[in-house]
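Descriptive structure summary
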Amino acid sequence: MDHNSYKTLNANKATVEKSWVVVDANAQVLGRVASEVARIIRGKHKPSYTPNVDCGDNVIVINAEKVRMTGKKWTARVLFTHSGYPGGQREHTPTMIREKHPERLIEHAVRGMLPKNRLGRELYRSLHVYAGTEHPHVAQQPKEIKF
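So, here's what we can say about the structure. (Residues numbered from 1 in each chain as written. Predicted model: local features only at pLDDT ≥ 70, side-chain atom pairs only at ≥ 80, totals over all residues. Heavy atoms only, no water.)

1. Looking at the environment of Gly120
- Within the element layout of this structure, Gly120 appears in helix H5 (residues 118–124).
- Gly120 sits 79 residues away from Ile41 along the chain, and the two C-alpha atoms are 9.8 Å apart.
- Contact partners of Gly120, with chain neighbours within four places excluded, come to Leu114 and Pro115. (Helix = DSSP H or I, 4+ residues; strand = E, 2+ residues; numbered from the N terminus. Contact = heavy atoms within 4.5 Å.)

2. Some remarks on the layout of surface pockets
- The calculated volume of the largest pocket comes to roughly 340 Å³.
- Taken together, Leu79, Phe80, Thr81, His92, Met96, Ile97, Lys100, His101, Arg104, Leu105 and His108 make up the lining of the largest pocket.
- Breaking the lining of the largest pocket down by element, the ones donating at least two residues are strand E3 (79–82), helix H3 (94–100) and helix H4 (103–111).
- For the lining of the largest pocket, the per-class residue count stands at five nonpolar, four polar and two charged.
- Computed from the structure, the second largest pocket encloses a volume of approximately 210 Å³.
- What lines the second largest pocket is a set of 15 residues, among which Leu30, Gly31, Met69, Arg77 and Ala109 lie closest to the centre. (1 Å grid on protein atoms, 1.4 Å probe; cavity = no way out; pocket = protein on both sides within 12 Å on 5 of 7 lines; lining within 4 Å. Points joined across faces, edges and corners; volume = space filled by probe spheres on them. Nonpolar A, V, L, I, M, F, W, Y, C, P; charged D, E, K, R; others polar.)

3. Topic: the packing of helix H1 (residues 30–42) against H4
- Contact geometry of H1 with H4 gives a least axis separation of 9 Å together with a crossing angle of 60°. By the angle between their axes, H1 is oblique relative to H4. In the crossing of H1 with H4, the sense of the turn from one axis to the other is right-handed. Between H1 and H4, the residues in contact are Leu30, Ala34, Val37, Ala38 and Ile41 and Leu105, Ile106, Ala109 and Val110, respectively.
- Classifying every residue of the contact of H1 with H4 by side-chain character gives nine nonpolar, no polar and no charged. (Axes fitted to C-alpha atoms, helices over the stretch in contact; angles between N-to-C directions. Parallel < 35°, antiparallel > 145°, perpendicular 65-115°, else oblique. Left-handed = near helix turned anticlockwise from the far one by under 90°.)

This is the structure in structure tokens:
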């Protein structure tokens, strides 16, 4: 028998098949949803996973405004932003963020779970978060995934 009877297949941009997935975040804990979404975006659920290639699926998260946090995190946790100007540091609690832009909570959580390099920035483009139940990606015929 030939010792090279099986070759390890490494995915590349041409051989990757990206599909569309819908995740409903209604009444789910933020971190648990974010870790599963990051896993799908990265492509770790596929047998053809390759660490240096964008082989994950496009993920649509709906009902971002109805996500849960445990304990006192809605008021006790503080997220910082900076405008880039001197004295431009701002503090935000998840409650303040949810009032103005509820989708940013999930975006922030998922972005922190992706690689911090060029690949991570490319993977982040596969995430689409919407506060309500409607989304404009019906033409892609996304499959719904339940956690």
